[in-house]
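Structural overview for review
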There are 2 protein chains.
Amino acid sequence: MRQLMLLRILVLLLGIVALFMVPALGLAIAGGDLPMVKAFALPMGIALILAAPAAVFTRKFPSRLSARDGFLLVFLIWVFSSLMGALPYYLSGQGITFTDAVFESTCGFATTGATTINDVEVLPQPLLLWRSMTHWFGGMGIVMLTVALVPLLGVGGFQLLKAETPGPEKEKITPKVTATAKILWLVYMVLTAVLTVLFALGGMEWFDALCHAFTTMASGGISTKNSGIAYYDSTFIETVCVLFMLLAGLNFNLYYKLFKGKFREIRENTEGRVYLFIFLAATVILTVSLVPVYGSAGSALRYGAYQAASILTTTGSSTADYMQWPGLAKGILLCLMFVGGCSGSTAGGIKVIRHAVLFKQAGNELRRIIYPRGIFSITLNKKVGRRDVVYGVAGFFFLYMAVIAVTALIVAASGTDVVSSFSAALAMVSNVGLGFGTVGPGQTYAAFPNHIKWLFSFVMIAGRLELWTVFVLFTPEYWRR
Amino acid sequence: MRQLMLLRILVLLLGIVALFMVPALGLAIAGGDLPMVKAFALPMGIALILAAPAAVFTRKFPSRLSARDGFLLVFLIWVFSSLMGALPYYLSGQGITFTDAVFESTCGFATTGATTINDVEVLPQPLLLWRSMTHWFGGMGIVMLTVALVPLLGVGGFQLLKAETPGPEKEKITPKVTATAKILWLVYMVLTAVLTVLFALGGMEWFDALCHAFTTMASGGISTKNSGIAYYDSTFIETVCVLFMLLAGLNFNLYYKLFKGKFREIRENTEGRVYLFIFLAATVILTVSLVPVYGSAGSALRYGAYQAASILTTTGSSTADYMQWPGLAKGILLCLMFVGGCSGSTAGGIKVIRHAVLFKQAGNELRRIIYPRGIFSITLNKKVGRRDVVYGVAGFFFLYMAVIAVTALIVAASGTDVVSSFSAALAMVSNVGLGFGTVGPGQTYAAFPNHIKWLFSFVMIAGRLELWTVFVLFTPEYWRR
Ligand SMILES: [K+]
Ligand SMILES: [K+]
């Protein structure tokens, strides 16, 4: 019965993904691009044929899934979306293998923004639109999940939440999920629309402006141009991009609070403050270390700020080949890859809040040495938090490092050099998509063997879903009832 | 008053270090090496002149220092030993600068085993003996501190201890520190003597055998030969070395238990089991990945096992240029650098016990997702431990990574490439002394600028003393009474 219900939801999901394809199909029809019409119409047709009876005939099903089922469901939602989203690439006649198509689509829904396609400029526009839209939906999906849905799942929900809700009571952002969801969609769409207009004002074609807005808001970082944002060589476009990357990497809870006029809570948000501090500190160090490279403080700031925002928010696009930068600049970028954006944002990574918790915990341990009988709490958002916030964060930190290490070793076993292996693993788990070595700026994932691409697709989804959600499915206890 | 007492202890310490120099001085006199006689006699004379009145006239001082004073004292013991130990290098007439002398001496007392000396074979024997002996004393010092002394300091003591003593009661290994200390000295000396004989049987000269035994037991890894243990090209010597590196990396508590016939407790020791498992797993993977390099499973095992033991125990010597190894092998070594040996051993690093605690904590978090109302403890040594073990470990893990990152960025700012910067920082904080890039096998630290060598000397001591002990001295609260 539960299995049937899960199946029903997933089949309906395929229908929803099919609806998401409508704009791309429309573009293909408008352009008279018959192969692309087929590439979209075929999967859409099958999905809708499957979904329609599920929507009509199974309405009366009691739709009660436990929080525990939620983990499996969330994982399968990302898997099925990625598989369904892969079909247009595979059917496009652009010589994209099935493995590459799945990798590309998963990069979209996980907002990783990596690619195996060396030349995107030859791709038909409908496919480019779809590529950007998968990121946009993936980004919105994760925000909905962490900000709107998870608080309802209770303690068993996303572990991240424990770090987000430091008070003794769970801080539900609204009792009515649908109301919250609507506000978040609205914020997301308005920001995307504003960004599209700004990009267009900066000199992008409307189509490119829209695609770039989609992926920037999703912390995705892919482009319709091979050289990315750098193609436009526009300080205005890059500045706008930095601003909106940072906005996309903020906890969307803050936009909800803004909507409700809770300005004090926004100002007192620990994670947001630390996030901006890290961005500014990284930008200053990058700028100073880049002056000798670019000859002027202005250019150093331009390229430094862009790369700091792009890596910190796990967008992972680049306007410069930072492999040519000095060691200090590369070191800063490496550190930023381990930080990530804010919780409840479209950004990936370990997340700023977890670093803040562990930083405070390290301080508490120092204090405990001096005052052995003292009890020290973690203060978040100017409120004293539960001490056991640290448990979840400590376990996560270790699991994160372990997943990177195991992934990297498997990649290295396939013949990749050690620097590329570890930075590819980090780039996939943290959804940044960009690293050093063969996954550095201007490179693609095309050369990895097929089994590594599948591994990457898996760890991207695992990283996107905060690891726990996925790894709990691999415990025997999960399946024992 | 307290300051005077600290000063008295430190002056006495200089006298003790001077006594440690007696064998080297004796060797210099026996060899009629006048410059080396001077290089040792001068600092010894000054130290003994300072220490004698402190020993004689201040006997009646009430010798009560608080546990809190202990942190400052322990840090200063390592600093003063390193400075005093640097004088023979500086005065040797071998062209060693003061900075390099301090770096070399600190590498000894911190058992890091790194060096700035490109050709050690031209050094006079008394200096080589002193170099090995600083490691031996440093190794014994840290074992005494963590196994014998710290349990007496109570909760405010080494944070590591909390992980070592999982039970509700503190597991003091003996009520009488002096009795424990004697047993540990005995074990350490017997192991060193046995190892010296085995090395000599393997074909080493007696002097070299003794020096190698000193540094192997201390997880130091330096040699009297430029090419290290590889100089002898002897499977017997390398096998003996692997065995004794592993013995030196075990918690010395276990030898005490062996002495007391508590075999069951030894078998049930979590850290020891995990440590051996990690060594075996790493060796198997290294061997498999090295067969194509060395052509035979035997050679692959020989070089793989040596390097696994050398890195895991933070000995940091090498019998092969692993920079030429495949990515998987290098990746395994990189992971081992983040593990380290057992607590209460002469090895450095994060330590196996902390990884075991975080691994179990990650498992508990997964279980907590499935059973949201469950309370899950960490089981160590087949006993249920206190949950708050995780607090100290989580804080330590973060502090460790932060110290590596900050150190690496400072190194990178001095113009070092990013791989060398990060691996040098890791090599210093974990006391492994060996890394990748310019700090790989067969390389020295000679090329780093002076301020970086001083930074390294500091972080070596901080790493050796489990970070807390040193960083607590930099908090305003420590100095506020
Ligand atoms: K990304
Ligand atoms: K060492």
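Residues numbered from 1 in each chain as written. Chains lettered and ligands numbered in written order. Predicted model: local features only at pLDDT ≥ 70, side-chain atom pairs only at ≥ 80, totals over all residues. Heavy atoms only, no water.

Residues and elements named next belong to chain A. Only Thr111 (O), Thr112 (O), Ser219 (O), Thr314 (O), Thr315 (O) and Asn431 (O) from the protein coordinate the potassium ion (ligand 1), and they sit 2.4 to 3.0 Å from it. Between the six donor atoms coordinating the potassium ion (ligand 1), the angles at the centre fall across 70 to 149°, so the site counts as irregular. A relative accessible area of 0% means that serine 219 is categorised as buried. (Donors = N, O, S within 2.8 Å, 3.2 Å for Na, K, Ca; no water. Tetrahedral: all angles 85-135°; square planar, octahedral: opposite > 155°, others 65-115°. Buried < 20%, exposed > 50% of the residue type's maximum accessible area, 1.4 Å probe, protein only.)

Many analyses report the size of an interface as the accessible area lost when the parts associate. Of the residues lining the interface, 49 residues belong to chain A; the matching set on chain B comes to 49 residues. A combined buried area of about 4,700 Å² lies between chain A and chain B, and 77% of that area is made up of carbon and sulfur atoms. On the chain A side of the contact with chain B, Ile369, Tyr391 and Phe398 of chain A bury the most area, a combined 17% of that side's loss. Scanning the region where chain A abuts chain B turns up two salt bridges. Note that arginine 367 of chain B and glutamate 477 of chain A form a salt bridge whose closest N and O atoms lie 3.4 Å from each other. Scanning the region where chain A abuts chain B turns up four residue pairs in polar contact (both at pLDDT 80 or more). Tallied by class, the residues present in the side of chain A that touches chain B amount to 30 nonpolar, ten polar and nine charged. (Contact = heavy atoms within 4.5 Å. Buried area = accessible area lost by both parts, 1.4 Å probe. Salt bridge = Lys/Arg side-chain N within 4 Å of Asp/Glu carboxyl O. Polar contact = N/O pair within 3.5 Å; in protein donor to acceptor, adjacent residues only side chain to side chain. Nonpolar A, V, L, I, M, F, W, Y, C, P; charged D, E, K, R; others polar.)

Once turned by 180° and shifted 0.0 Å along the axis, chain A lies on chain B with an RMSD of 0.0 Å. Such a combination of rotation and displacement between the chain copies is what one expects of a two-fold axis. The C-alpha atom lying nearest the rotation axis in chain A is that of alanine 394 of chain A; the distance is 2.7 Å. A shared binding surface is used by both copies, with 100% of the interface residues of chain A retained as interface residues in chain B. (Least-squares fit on C-alpha atoms with pLDDT ≥ 70 in both.)

All names here are of chain B. Helix H17 (residues 389-413) packs onto helix H16 (residues 352-370) with a crossing angle of 115° between their chain directions and a minimal axis gap of 10 Å. What the angle tells us is that H16 and H17 run roughly perpendicular. The way H16 lies across H17 gives a crossing that is left-handed. Residue-level contacts link Arg354, His355, Val357, Leu358 and Gln361 of H16 to Val389, Val390, Val393, Phe396 and Phe397 of H17. Its residues assigned to classes, the contact of H16 with H17 shows seven nonpolar, two polar and one charged. (Axes fitted to C-alpha atoms, helices over the stretch in contact; angles between N-to-C directions. Helix = DSSP H or I, 4+ residues; strand = E, 2+ residues; numbered from the N terminus. Parallel < 35°, antiparallel > 145°, perpendicular 65-115°, else oblique. Left-handed = near helix turned anticlockwise from the far one by under 90°.)

Bringing the confidence of the model for chain A into the picture now. Put simply, chain A has an average pLDDT of 87, and 91% of its residues get 70 or more. Confidence drops under pLDDT 50 across residues 153-174 of chain A; counting only partners more than four residues distant or on other chains, this segment forms 63 contacts. (pLDDT = per-residue confidence, 0-100.)

Further remarks concern the coordination of the potassium ion (ligand 2). On the protein side, the potassium ion (ligand 2) has Thr111 of chain B (O), Thr112 of chain B (O), Ser219 of chain B (O), Thr314 of chain B (O), Thr315 of chain B (O) and Asn431 of chain B (O) as donor atoms, found 2.4 to 3.0 Å from it. Given six donor atoms and angles of 71 to 148° at the metal, the environment of the potassium ion (ligand 2) is assigned as irregular.

Residue and element names in this part refer to chain B. Scanning the model with the defined rule gives 62 aromatic pairs over all chains in all. Look at phenylalanine 20 and phenylalanine 137: their rings are 3.4 Å apart centre to centre, the planes differ by 10°, and that puts the pair in the stacked class. Residue phenylalanine 20 is located in helix H1 (residues 2-20), and its partner phenylalanine 137 is located in helix H6 (residues 125-153); the two are separated by 117 residues in the primary sequence. What makes phenylalanine 20 partly exposed here is its relative accessible area of 24%. When its relative accessible area of 10% is taken as the criterion, phenylalanine 137 is described as buried. (Phe/Tyr/Trp six-rings, centres within 6.5 Å; stacked < 30°, edge-to-face > 60°.)

Here the focus is the nonpolar core. Ranked by size, the top nonpolar core spans 330 residues in total, and within it Phe199, Tyr445 and Phe456 of chain A together with Phe199, Tyr445 and Phe456 of chain B carry the most contacts. Among the elements that take part in this core, H17 of chain B stands out by supplying 18 residues, more than any other. Residues within four places of phenylalanine 199 of chain B in sequence aside, it is in contact with Met204, Ala209, His212, Ala213, Thr216, Ile229, Ile237, Val240 and Cys241 of chain B. (Core = buried A, V, L, I, M, F, W, Y, C linked by side-chain atoms within 4.5 Å.)

Turning our attention to the pattern of salt bridges. Throughout the structure, instances matching the rule amount to 22 salt bridges over all chains. Here lysine 225 of chain B ties to aspartate 208 of chain B by a salt bridge, and the two come within 3.7 Å at their closest N and O atoms. Pair noted here: lysine 225 of chain B is in the loop between helix H9 (206-217) and helix H10 (235-248) and aspartate 208 of chain B is in helix H9, with a separation of 17 residues, a long-range link. Between arginine 354 of chain B and glutamate 466 of chain B there is a salt bridge, with the nearest N and O atoms lying 2.9 Å from each other. One end of the pair, arginine 354 of chain B, is in helix H16; the other, glutamate 466 of chain B, is in the loop between helix H19 (450-464) and helix H20 (468-471), with 112 residues separating them in the sequence. On the basis of relative accessibility, which here comes to 3%, the residue glutamate 466 of chain B falls in the buried class. Put simply, Asp233, Glu238 and Arg302 of chain A are held in one network by salt bridges that share partners.

Here glutamine 361 of chain A is to be found in helix H16 (residues 352-370). Glutamine 361 of chain A gets classed as buried once you look at its relative accessible area, which sits at 3%. The spatial distance from the C-alpha of glutamine 361 of chain A to the C-alpha of arginine 302 of chain A is 35 Å, given a sequence separation of 59 residues. Contact partners of glutamine 361 of chain A, with chain neighbours within four places excluded, come to Ile378 and Val390 of chain A together with Tyr391, Gly392 and Gly395 of chain B.

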